[in-house]
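Listed here are the chains, written in short residue letters.
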Amino acid sequence: AERLTGRTALVTGSSRGMGRAAAIRLAQEGALVAVHYHQDEAAAREVVTTVEKDGGRAFAVRAELGVDGDVDQLFAVLEEDLRERTGSTDLHVLVNNAGVMGGVAADEVTPEQFDRIFAVNAKAPFFLIQRALRNMPDGGRIINISSGLTRFANPDEIAYAMSKGALEQLALHFAKALGPRGITINSVAPGITRNGNPVFDIPEAVEQMAGLSAFGRVGEPEDVADVVAFLATDEARWITGSFVDATGGTLLG
Ligand code: NDP
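This is a predicted model, so every value here is computed, not measured.

## What about the pairing of strand S3 (residues 57-62)?
Then, in step 1: In the sheet, strand S2 (residues 32-37) pairs with S3 via six bridges, with the strands oriented parallel. Note that in S3 the partner of Ala 34 across the bridge is Phe 59.
Then, in step 2: For the crossover from S2 across helix H2 (residues 41-53) to S3, the handedness is right-handed.

And the structure:
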């Protein structure tokens, strides 16, 4: 049975990667999904078409995150689309998935790069939550996509890991505040997960990355999307403020 019928969801950065997979998965559960993207309109449209072919409902919303006015711009368009399709501006599920990697060694990262990483990965999710809470009915769901790198050392991604560490704080503190409304908020931490990065076309690199998981393979976007979808359902009502390890056992050491 569909577990999210009658619900609406916003998945940031769902034009590709695990955001795309989460959008498709939530739509399969019956949610009307806002497929947010920044640059790749064609990719976002492809996600909407895929959802619709599957009998689901979705629409694309464009907004650059990490710049002034980002959240207001996104919500102006989102509210209009929701009202048109549902007659209300209720948003039941927010998935903060959009993120940028660093890929810059600690001794080379510039203040500008650092600010950008924090603006997209930590600041934008905070203000998206702040804004979304005005539209979120009791029983709503907030899911933040962190990274196993908050618990797995990688000096080349220190600024990125710091931003995800900041993101994880959202679940702890908002969980307490939102409990009375029945709203849950959790962090999901993926390990290395296949996305459009060309590194996944290099068999030797994939083999090496696969070795980090207890299951001996890299993650597929659907591996993470299934966890996100579960947290969005009523069945996950008793889980809040949690760090959910979705690294395929990478953190076991
Ligand atoms: P991708 O890099 O494949 O896609 C990123 C998505 O975010 C795209 O939809 C992109 O939109 C959007 N986006 C990026 N920057 C912005 C911005 N400034 N404003 C608006 N949208 C933006 O994502 P992944 O699936 O690899 O990663 C998803 C999340 O998971 C991220 O938060 C990432 O940090 C995290 N993660 C990823 C891991 C991995 O191995 N892939 C491992 C651990 C965590 P568009 O293309 O339209 O511009």
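Let's pick the thread back up.
## Focus on the environment of Ile 117
Then, in step 1: By the secondary structure assignment, Ile 117 is in helix H4 (residues 111-132).
Then, in step 2: We classify Ile 117 as buried; it has 24 C-beta atoms within 10 Å.
Then, in step 3: Remark: the alpha-carbon pair of Ile 117 and Met 162, spanning 45 residues in sequence, is separated by 9.3 Å.
Then, in step 4: The contact partners of Ile 117, leaving out residues within four places of it in the chain, are Val 100, Gly 102, Ala 159, Tyr 160 and Ser 163.

## Topic: the site of the ligand
Then, in step 1: Around the ligand sit 26 residues, and of these Gly 13, Gly 17, Tyr 37, His 38 and Gly 99 come closest.
Then, in step 2: Broken down by element, the shell around the ligand gets its largest block of residues, three residues, from helix H1 (residues 17-28).
Then, in step 3: Looking at side-chain class alone, the shell around the ligand contains nine nonpolar, 14 polar and three charged residues.

## What about the sheet that holds strand S5 (residues 141-145)?
Then, in step 1: Sheet architecture is open: seven strands sit in the order S3-S2-S1-S4-S5-S6-S7, paired in parallel fashion. Looking at strand neighbours, the two that pair on one side only are S3 and strand S7 (243-246), the edges of this open sheet. Ignoring which end each strand starts from, the neighbouring axes of this sheet average 20° apart.
Then, in step 2: Those strands touched by H2 are S2 and S3, and its axis lies near 170° from that of S3.
Then, in step 3: Contacts from H4 reach strand S4 (93-96) and S5 within the one sheet, and its direction differs from that of S4 by about 175°.

Procedures and definitions
Residues numbered from 1 in each chain as written. Predicted model: local features only at pLDDT ≥ 70, side-chain atom pairs only at ≥ 80, totals over all residues. Pairing = 2+ DSSP bridges. Helix = DSSP H or I, 4+ residues; strand = E, 2+ residues; numbered from the N terminus. Right-handed = clockwise from strand over helix to strand, strands pointing away. Buried ≥ 20, exposed ≤ 12 C-beta atoms within 10 Å, placed from the backbone. Contact = placed C-beta atoms within 7 Å. Near = placed C-beta within 6 Å. Nonpolar A, V, L, I, M, F, W, Y, C, P; charged D, E, K, R; others polar. Axes fitted to C-alpha atoms, helices over the stretch in contact; angles between N-to-C directions.

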